[in-house]
Amino acid sequence: MINKRIAMILGLIALAALPLAAQDIQAPPSIGAPKSTTKTATADRIGTDVDNFLDYTGHTGVKFDNWFGYAGYESLASVGYARKLGSIYLGAWYKGNVARTQAVSGLSWSGPGSTSIIGNGININLNDLINPVYDAFGELQSTTKSTGQDNADGIVTDNQLQALIGFGNMAVKVGFREFLYSQPDYTNIYGANQNQTMTTPGSGTVAYANALESFSDLHGNLQPNVGWGAAFALGKFTLKPKAEVAIAIVQDARETVVKDGTSVYGNGAVTSKKSGYANNFVRPSITVGADIALQGKNGGTWTPGIAYNIFFDVYSNDYDAYGSSGTVKGTVNYTASDTISGNESTHVVTVSPISTVVTDTAKIRVVEKSAVYNVITPGISYSDNFGDRVKFGFKAQVPVHFGSRTESSYSETTAKTDTKYTSGTSTHQTQVTRQNQQETVTSQFRISPKIDVGTSYQVIPGKLALNAGVSGTFGYRSTEARQTPNGYYVQTTYTTDENGNVTTNNKTVNVDSTVNDQVTKVYAWDAFTPTFGAGLTINFTETFALDAAFISSTTVNLGTVQLLLSLKK
């Protein structure tokens, strides 16, 4: 019997060692949860009380008289605590930095950042300083180096909190996760001449050279969540259903205003230039699933299961460019676009002895967006013990991702001119030009099998354990993007008088019948990048343990070192 089990395990390990391909499409990851370094080192296959004390069903296996607690560090501090109040189980976990400042040079934003906080790549890599471009499922497609200088400290907060209430064979979990980066000041964004000067004090001359008038900057996400899970013993197997709901509120906005020009005793032209964008959106996510735990004939436990996740991207952004404001169901950018000349929206005040002329020009580009995605993940896992020394775990999953997004864009220029003469008369004129651009519908599909294998060996039973694991994925993906022809657009222009009455209203429609819809199809296999882990666990006493892991995504070497201390009483 032992030989059969060993043969089966060796076969599973051989299967896991096949050349696989990483880069599977990432749906929003589950809300943060405590994770031991033993589990990290064994490819998530072998856990400890740290992994179980906040689990819907695993918390019932954590044994303590009064309380359980742990503290660890894995890029951020992590602490957990649990105790029982009669038949009620209470557990709480925190991981984060509270808040810190960080100096950043050359920071430039073009969209959500780059280090998986809630999926879709919504995160910020403060070291690489890149402008990332992602596909709909959060895969990083390309990066470009940023330009400009930022000499001020930014404020970074990265915190998550989860609490579990267990009663009987079920539990409810609530929590909150946030990651925000705010830049309070910005300098040298337009080059070396970032300053405001007053020449010859008392002469009445004021000169502006790209002088920073105002700046706001906020990026990151807020994500509350709630979930339920249970375990029902049904004869020879145990059914473990689970349901979770989360809402990610993604912040990605910036606005900068600078001044240029010269004023002599109040006369002259001074230009305020506003640039910025608002890419904020909300992502509701619903996950339901169930596992079935079955006892194998030769020992060990087989657990087949399936999960389904659906999530939406909902956009609504306010904007206030010079001469134009509103709300769009998408993203808005009021800097230069491919159809509008110039670099920013401008507010120009020109003062002369006979008049004051205020000219506002708003140049915006809007991309209306909607998206829905689905992930179905069937899988099976196996775990077994060989006496008191060896623990083994294996898991295979086949996530299937499919979904679509629609993007419809247009650009709009609003020009307003108000003239007030010293004689007391005034004039007013408004001109609006809008050009509809292409609509793109993108459908995506990806299948990305994933295999994890891990083991733990008790060198000194109950005192010292060595841990190791390996995981990998291979996958196939296809993307089809259908775009309306570039030869199609609608352009409207209207003009108003000083009383707001429309004096002209022109509409131009141009359809190039010789251009068909453009369809782009991409089919690809993902390359393989394995992840190896190794570590050790030292139990100094029955209530005090040290857990360490060494992780690498390319070769077996010292990649990330994690330490964890746990206590029971």
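Starting afresh in each chain, residues are numbered from 1 along the sequence in its written order. With pLDDT at 70 or above as the cut-off, local features in this predicted model cover only qualifying residues; side-chain atom pairs require 80 or more to be listed or tallied, and sums for whole chains, interfaces and linings still use all residues. Only heavy atoms go into the side-chain values, all of them from the structure, while hydrogens and water stay out.

S.K.: I'm lost on the overall build of the chain in this one. Help?
M.R.: A run of H or I in DSSP becomes a helix once it reaches four residues, and a run of E becomes a strand once it reaches two; helices and strands are each numbered from the N terminus. Counting secondary structure elements, the chain contains three helices and 32 strands. Buried means the residue's accessible area, taken with a 1.4 Å probe over protein chains only, is under 20% of the maximum for its type, while exposed means over 50%, and partly exposed covers the values in between. Per-residue burial for the chain yields a buried fraction of 43% across its 569 residues. Contact criterion: two residues are considered in contact whenever any of their non-hydrogen atoms come within 4.5 Å of each other. Summarising the internal contacts of the chain: among those between residues at least 6 apart in sequence, 66% fall at separations of at least 24. Computed by Shrake-Rupley with a 1.4 Å probe, the accessible areas treat only the displayed protein chains as cover when residues are assessed. Surface exposure of the chain reaches about 27400 Å², of which carbon and sulfur atoms provide 57%.

S.K.: What's the story with unusual backbone geometry in this structure? I'm lost.
M.R.: For residues besides glycine, phi is generally negative; the peptide bonds are generally trans as well. Despite not being glycine, Asp-44 has its phi angle at roughly 65 degrees, a positive value. By secondary structure assignment, the location of Asp-44 is in the loop between helix 2 (37-41) and helix 3 (49-52). For Tyr-265, which is not glycine, the phi torsion reads 50 degrees and is therefore positive. With respect to the helices and strands, Tyr-265 occurs in the loop between strand 12 (237-264) and strand 13 (267-278).

S.K.: What am I meant to see in the packing of aromatic side chains here?
M.R.: Where two aromatic rings form a pair, the distance of their centres and the angle of their planes describe that pair. Any two rings among Phe, Tyr and Trp, with Trp reduced to its six-membered ring, count as a pair given centres within 6.5 Å; such a pair is stacked if its planes are under 30 degrees apart, edge-to-face if over 60, and tilted if neither. According to the stated counting rule, one finds eight aromatic pairs in the structure shown. Relative to Tyr-382, the ring of Trp-302 lies with its centre 4.5 Å away and its plane at 45 degrees, an arrangement referred to as tilted. Residue Trp-302 is found in strand 15 (residues 301-315), and its partner Tyr-382 is found in strand 20 (residues 355-386); the two are separated by 80 residues along the sequence. Among the aromatic residues, ring-to-ring pairing joins Phe-53, Phe-68 and Tyr-70 into one connected group. By definition, being over a ring means that NZ of Lys or CZ of Arg is both within 6 Å of the ring centre and within 35 degrees of the ring normal. Positioned above the aromatic ring of Tyr-56, the side-chain terminus of Lys-173 is 4.8 Å from the ring centre. The ring of Tyr-322 has Lys-274 lying over it, and the distance from NZ or CZ to the ring centre is 4.7 Å.

S.K.: What's the story with a nonpolar patch on the surface in this structure? I'm lost.
M.R.: Nonpolar side chains collect at one region of the surface, where Val-174, Val-226, Val-245, Ile-286 and Val-288 lie side by side and expose about 360 Å² of accessible area between them. Relative to the elements of secondary structure, Val-245 occurs in strand 12. Judged by its relative accessible area of 39%, Val-245 falls in the partly exposed class. In this analysis, a patch consists of residues with relative accessible area above 30% that form no salt bridge, clustered at 9 Å for like charges and at 5 Å for the nonpolar side chains Val, Leu, Ile, Met, Phe, Trp and Tyr. One side-chain nitrogen of Lys or Arg within 4 Å of one carboxyl oxygen of Asp or Glu is enough to make a salt bridge.

S.K.: Help me out: how do you make sense of the nonpolar core in this one?
M.R.: Generally speaking, soluble globular proteins have nonpolar side chains that are buried together. Here the nonpolar core consists of buried residues drawn from Ala, Val, Leu, Ile, Met, Phe, Trp, Tyr and Cys, with membership extended through side-chain atoms lying within 4.5 Å. Ranked by size, the top nonpolar core spans 13 residues in total, and within it Phe-53, Phe-64, Phe-68, Tyr-70, Ala-82 and Tyr-89 carry the most contacts. Listing elements by their share of this core, those giving two or more residues are strand 1 (67-74) and strand 3 (88-96). Beyond its immediate stretch of four places on either side in the chain, Ala-82 contacts Phe-53, Phe-64, Trp-67, Phe-68, Tyr-89, Leu-90 and Gly-91. The next biggest cluster of nonpolar side chains, apart from the first, holds 10 residues, and it includes Ala-278, Val-332, Ala-362 and Tyr-410.

S.K.: Is there a simple way to think about the environment of Val-357 in this case?
M.R.: Inspection of the secondary structure assignment puts Val-357 in strand 20. When the C-alpha positions of Val-357 and Thr-419 are compared, they lie 4.5 Å apart, and in sequence the two are 62 residues distant. If near-sequence neighbours (up to four positions away) are discounted, Val-357 is found in contact with Val-348, Val-349, Thr-350, Thr-417, Asp-418 and Thr-419.

S.K.: What is the right way to read the pairing of strand 15 from this model?
M.R.: Along any regular strand, the residues point their side chains to alternate faces of the sheet. When DSSP finds at least two bridges between two strands, those strands are taken to pair. Relative to strand 15, strand 14 (residues 281-295) runs antiparallel, the two being bridged by 11 bridges. Considered in strand 15, the bridge of Ala-290 is made with Ile-306. What sits between the antiparallel neighbours strand 14 and strand 15 is a turn of five residues, in which Gly-299 has the positive phi angle 90 degrees. Sheet topology places strand 15 next to strand 20; 14 bridges connect them, and they run antiparallel.

S.K.: Mind showing me how you'd approach the pattern of salt bridges here?
M.R.: Oppositely charged side chains are able to pair whenever their charged atoms sit close together. Evaluation of the coordinates by the stated rule reveals eight salt bridges. The closest approach of N and O atoms between Lys-273 and Asp-260, which form a salt bridge, is 2.7 Å. You can see Lys-273 sitting in strand 13 and its partner Asp-260 sitting in strand 12, a full 13 residues away along the chain. Each of Arg-446, Arg-477 and Asp-526 takes part in a single network of salt bridges with overlapping partners.

S.K.: So what exactly am I meant to see when it comes to the side chain of Lys-173 here?
M.R.: In this structure, Lys-173 sits in strand 8 (residues 170-182). Counted charges follow a simple rule, with Lys and Arg positive, Asp and Glu negative, and His plus the chain ends left uncounted. Buried and unpaired, Lys-173 has no salt bridge, with Glu-244 as the nearest side chain of opposite charge at 5.2 Å. Polar contact is the term for a pair of N or O atoms within 3.5 Å; when the atoms are in protein, one must be able to donate a hydrogen and the other to accept it, and sequence-neighboring residues count only if both atoms are side-chain atoms. Here the side chain of Lys-173 touches Leu-54 through a polar contact of 3.1 Å, landing on its backbone oxygen.

S.K.: Would you take a moment to explain the confidence of the model for the chain for this structure?
M.R.: For every residue, the predictor reports its confidence as pLDDT, a number between 0 and 100. This prediction gives the chain a mean pLDDT of 75; 70% of its residues lie at or above 70. Counted against residues more than four places away or in other chains, residues 1-30, with its pLDDT under 50, gives 68 contacts.

S.K.: Hey, could you run me through the pairing of strand 22 (residues 400-421) in this one?
M.R.: Bridge analysis of strand 20 against strand 22 gives 22 bridges, and the strand direction is antiparallel. Considered in strand 22, the bridge of Val-367 is made with Ser-409. Alignment of strand 22 against strand 23 (residues 426-447), held across 20 bridges, turns out to be antiparallel. Looking at the pairing, Ser-408 lines up with Glu-439 of strand 23. The turn linking strand 22 back onto strand 23 is made up of four residues, and Gly-424 within it adopts a positive phi angle of 110 degrees.

S.K.: Can you walk me through the side chain of Ser-355 in this structure?
M.R.: Within the element layout of this structure, Ser-355 appears in strand 20. Given the relative accessible area of 9%, Ser-355 is considered buried. Each residue touching Ser-355, except ones within four places of it in the same chain, is listed here: Thr-350, Thr-419, Lys-420, Tyr-421 and Thr-422.

S.K.: Explain the environment of Ala-290 to me, please; I cannot follow it from the model alone.
M.R.: Position of Ala-290 relative to the elements: it lies in strand 14. The spatial distance from the C-alpha of Ala-290 to the C-alpha of Tyr-308 is 9.5 Å, given a sequence separation of 18 residues. When residues no more than four places from it in sequence are discounted, the contact partners of Ala-290 are Leu-239, Lys-240, Pro-241, Pro-304, Gly-305 and Ile-306.

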